[in-house]
Amino acid sequence: MSDMRFVNQRAVGTSVLPDEAIPLVEGFGRFLNDIQLPGTYHVAFLRSQHAHARLRSVDASKARMLPGVIKVLTGSELLGKVEPFRSMPNRFSGGESVQHWLAVEKVRFCGEAICAVVAESRAIAEDAVELIEVDYDPLPVVSDPRMGEKDASALVHDSCTNNYLIKREYERGDVDEAMKAAHLVVKRKFRIGRKQALCLESRGCVAAYRESTFALTVWMSHQLPYVVRHYLGKHLGLHENEVRVIAPHTGGGFGQKASIYPEEFVCAHLALALRRPVKWVEDRLENMVASTHARDQYIELQAAVDREGHLLALSSDIWVDVGAYSTYLWSAGMEPLQTAGLMPGPYKVPALRYRTRGVATNKTPVGPYRAVGRPSASASFELLLDEVARRLEIDPVELRQRNLIANEEMPYRNSNNLVHDHVNYVPCLKLSTSKGDYAKLREEQKKAQANGRLRGIGVSCFAELTGLGTTTAVGPGTLLQPGRDAVTLRLETSGVLTVAAALPSQGQRIMTAMRQVAADELGINLEDITCIINDTATAPYGFGTFASRTAVFGSGAVIKAAKELRQRILACGAFLLGVPVEDVTIANSVIHTLDRGKSISLREMAEKSYFSAKDIPEELNPGFEVTSFYDPKRGSFAAGAHLVAVDVDPETGEVKIVRYVATEDVGTIINPSVVEGQIIGGIAQGIGEALLEEIVYDEQGQPRTVTLADYLVPSALDVPRIELHHANTPSAALGGFKGCGEGSIIGALSAISCAVADALSQRGGDIHEFPATPERVLRGLGVLPGGA
């Protein structure tokens, strides 16, 4: 019988309970609003009620006289003291976007901050905001990007001709010739509404000055602490080593908390100016109008195919309503460029052409949100493929199989210049249709139709580029081009391993993932490993959490660091045991000889290495702290295929999901339960995008859906049982890992959209605008006037 003391149970691939979740479920989480510093002042912002207007005057005299008010700060007072947010010029930019931290001379969207009030309490600050008098001179409003690009349109920024913040035209292959030679050319329009990440916890910060190593310490609900530190120093005139950024427990991010906003920087400035802590926590109304939005796209596309349905060319024309400013860090190019450039997805597209533009409007700026650009790119293309299938009388699944990039064709460079490798597109589709009994679903659909019911079936296949390294640019004009990330492994004298990284968690459970990887690489028990991830004072430099990268970068860096640390541990342990280094290994936090005759615990070895160093040769005791950087270079493709069946009520327009089958390739799985949660969560958000969620503005730029009574999100009753399967293949990254946080929202929007359109087609209807609200469904069926 084997001695279990010397058998290391593999951690990667098991559903280890995430330790970092325990304080959250027990009620001991420490979120931004839980941080209470002595002597804290509170901040509230006066926000514009106009979408576009000149500021004739701002009179804060009454607010300053209110008892308890410490300071009222206006935009003009900040001029020359801080650096505003400027878009970075590039070959595709239409003009410069300059965003002052507080509006100067002009406001460009409803909700833009004009003044900041500092008071002894939040209530007093809000009362003072009500006393500020602003004289507005309303200006013409740009509310539609298609109208905003016309020569006669008003301009949001005088420097941006036709309101273009970004514009690009691209072609590879002879698209015109392919269209001429095609057996069939199919055209289709697609519209996706404006979205909100709607994190459970809104934005906020606590900023404090102190005469110490860090002149400025900022607690912020954010995904990129080191990046925030860099730009705080740059814009406030501080050295980075004078700034400390701490990300406490975060109630959701989804990309909305990966941008840099004026409000947090105003608070940092105030903390330095007042030499007192200041605190601001965004309320839900502020969140709806001041935190970045997403999507809001109009897409026109056409595909050329041969008689068998093989794609010959794809052409698209895309308008994205990017709002009033180029979002700082990511630029206005995120949605337009990724929607257009990633539209081919997992399909072979020999010739590709697109024209895409980000048009400035008088709305809240658009920023990154889960799977930037790809859900709408995929949904519009998948709907087009269904139209091709109907016109050629080919089954939609068969059509997709003919066009997917097959494993034997990899590595495959597509017309968008991306290389696909180590990814299972065809196996994902086959497994979903097999597990979902696709043939039976079609038979049930026929029976439902015969009984007067509308059942639709949708299939989607997607590619999700994850773990982007230094060789893959996020996009022109983006200040943040991801590079390497670092992890520090330190063996304490107690024998506990500390893992430090700048990868805050918004639910990805990256601490548990890194612990599992470290346990396998080093032979250390999971309970003997702890993580530090949220503090720039204790974690090595890293870019943070976004773009499905944490597992790839964090785990890859752990593997690299563990390789060096393991060699050091084995060398010192072998000396202490009096045996050659090749005769020892590590398991269950114990160094032992291969014959199991001798052993020493990590704790004992670590103690001796530190406190009895004179007894150990220096070359065998270099210390047990290793920092390694990891860069996976070009990134890895994850994939999936979703199969959805919906019932549509032709009288009410209600859509009900009756079956949902998802198969995904997410590479080597570290923690199956965490992966399942990520995928199902993405599907739930995709259901919201497809059927419920939309921020609506009127023609005057006034938002009309700013409460949860108007902006509808899925409840537990709206999310069906998800049948989840895997067809995984390891990536080329260290450990074979891929990201899994964003792909499922792509598949959900696409599959549900296709299912709804399929249901409506049975009565000669169609739908082009999403979410598929009851009103749009009834319009698509011709029950209500107007198209859908």
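What you are looking at is a predicted structure, and each value in this text was computed from that prediction instead of being measured. (Residues numbered from 1 in each chain as written. Predicted model: local features only at pLDDT ≥ 70, side-chain atom pairs only at ≥ 80, totals over all residues. Heavy atoms only, no water.)

Asks: Give me the lowdown on the pattern of salt bridges, citing residues and values where you can.
Replies: Applying the stated rule across the entire model yields 60 salt bridges. Residues Glu171 and Arg353 are paired through a salt bridge, measuring 3.8 Å at the closest nitrogen-oxygen approach. Residue Glu171 is found in strand E9 (residues 164-172), and its partner Arg353 is found in strand E17 (residues 352-360); the two are separated by 182 residues along the sequence. Between Lys633 and Asp631 there is a salt bridge whose closest N-O contact spans 3.5 Å. Residue classification places Lys633 among the partly exposed residues on the basis of a relative accessible area of 45%. (Salt bridge = Lys/Arg side-chain N within 4 Å of Asp/Glu carboxyl O. Helix = DSSP H or I, 4+ residues; strand = E, 2+ residues; numbered from the N terminus. Buried < 20%, exposed > 50% of the residue type's maximum accessible area, 1.4 Å probe, protein only.)

Asks: How would you summarise the sheet that holds strand E22 (residues 497-501) if you had to cite specific residues and measurements?
Replies: Across the sheet, which stays open at both edges, the 4 strands sit in the order E23-E22-E21-E27 with mixed pairing between neighbours. At either end of the open sheet lies a strand with only one pairing partner, and these are strand E23 (529-532) and strand E27 (625-630). Adjacent strand axes in the sheet meet at a mean angle of 20° when their direction is disregarded. Relative to the sheet, helix H16 (residues 550-577) contacts strand E21 (485-491), E22 and E27, its axis offset from that of E27 by approximately 145°. (Pairing = 2+ DSSP bridges. Axes fitted to C-alpha atoms, helices over the stretch in contact; angles between N-to-C directions. Contact = heavy atoms within 4.5 Å.)

Asks: How would you sum up the sheet that holds strand E2 (residues 53-59)? Please name residues and give values.
Replies: The antiparallel open sheet is built from 3 strands, whose spatial order is E6-E2-E8. The outermost strands of the open sheet, each flanked by one partner alone, are strand E6 (106-107) and strand E8 (133-138). Here E2 pairs with E6 via 2 bridges, running antiparallel. From the neighbouring strand, Arg54 faces E6, where its bridge partner is Lys106.

Asks: How would you summarise the confidence of the model for the protein if you had to cite specific residues and measurements?
Replies: The pLDDT averaged across the protein works out to 94; a share of 98% of its residues lies at or above 70. pLDDT under 50 marks residues 1-6. Its contacts with residues more than four places away, or in other chains, come to 13 contacts. (pLDDT = per-residue confidence, 0-100.)

Asks: Give a description of the pairing of strand E11 (residues 204-209) that names residues and reports values.
Replies: Two faces make up the sheet, and in a regular strand the side chains alternate between them. Of all 6 residues in E11, 6 are buried; the element is thus mostly enclosed. Here E11 shows a buried face lined by Gly204, Val206 and Ala208 and a second buried face lined by Cys205, Ala207 and Tyr209. As paired elements, E11 and strand E12 (residues 216-220) share 5 bridges and run antiparallel to each other. Within the sheet, the bridge partner assigned to Val206 lies in E12 and is Trp219. The turn joining E11 and E12, which pair antiparallel and follow one another in sequence, is formed by 6 residues.

Asks: Provide a residue-level description of helix H14 (residues 438-450), including the pertinent values.
Replies: The terminal C-alpha atoms of H14, which comprises 13 residues, lie 19 Å apart, in line with the 18 Å expected from a rise of 1.5 Å per residue. Along H14, the positions that sit buried rather than exposed are Tyr438, Leu441, Arg442, Gln445 and Ala448. Down the axis of H14, the buried side of the element spans an arc of 120°, and every buried residue falls inside it. Turned more than 90 degrees from where H14 packs its buried face, Ala439, Lys446, Lys447 and Ala450 sit exposed. The secondary structure elements touched by the buried residues of H14 are helix H12 (396-403), helix H13 (425-435), strand E20 (454-466), strand E28 (636-648), strand E29 (655-665) and helix H19 (743-761). Count one or two residues on from H14 and you reach Gly452, which has phi positive near 85°. (Expected span 1.5 Å × (residues − 1). Arc of directions from axis to C-beta.)

Asks: How would you sum up helix H15 (residues 510-522)? Please name residues and give values.
Replies: An α-helix turns once per 3.6 residues; consequently, residues spaced three or four apart project the same way. With 13 residues, H15 extends 18 Å between its outermost C-alpha atoms, agreeing within 8% with the 18 Å of an ideal straight helix rising 1.5 Å per residue. For H15, a buried count of 12 out of 13 residues is recorded, marking the element as mostly surrounded by other parts of the structure. Within H15, the full set of buried residues consists of Ile510, Met511, Thr512, Ala513, Met514, Arg515, Gln516, Val517, Ala518, Ala519, Asp520 and Leu522. For H15, the secondary structure elements touched by its buried residues are E21, E22, E23, H16 and strand E24 (584-587). Of the residues one or two after H15, Gly523 is the one with positive phi, at around 75°.

Asks: Which residues make up the pairing of strand E16 (residues 311-323), and what values do they have?
Replies: Taken across its 13 residues, E16 has 12 buried, putting it largely inside the fold. In terms of strand pairing, strand E15 (residues 293-305) meets E16 through 9 bridges, oriented antiparallel. Residue pairing across strands places Leu301 opposite Ser316, the latter belonging to E16. Between E15 and E16, which follow one another and run antiparallel, lie 5 residues, and Gly309 among them has a positive phi close to 85°. By the bridge criterion, 9 bridges tie E16 to E17 in an arrangement that is parallel. When the sheet's bridge partners are listed, Ser315 is paired in E17 with Arg353.

Asks: Report on the state of the cysteines, specifying residues and quantitative values.
Replies: What makes a disulfide is a covalent bond joining the sulfur atoms belonging to two cysteines. Under the definition given, this model contains 0 disulfides. Here Cys199 stays unpaired: no disulfide links it, and the sulfur of Cys205, its closest cysteine neighbor, is 16 Å away. Here Cys461 stays unpaired: no disulfide links it, and the sulfur of Cys428, its closest cysteine neighbor, is 8.3 Å away. Residue class for Cys461 comes out buried when judged on its relative accessible area of 2%. (Disulfide = S-S within 2.5 Å.)

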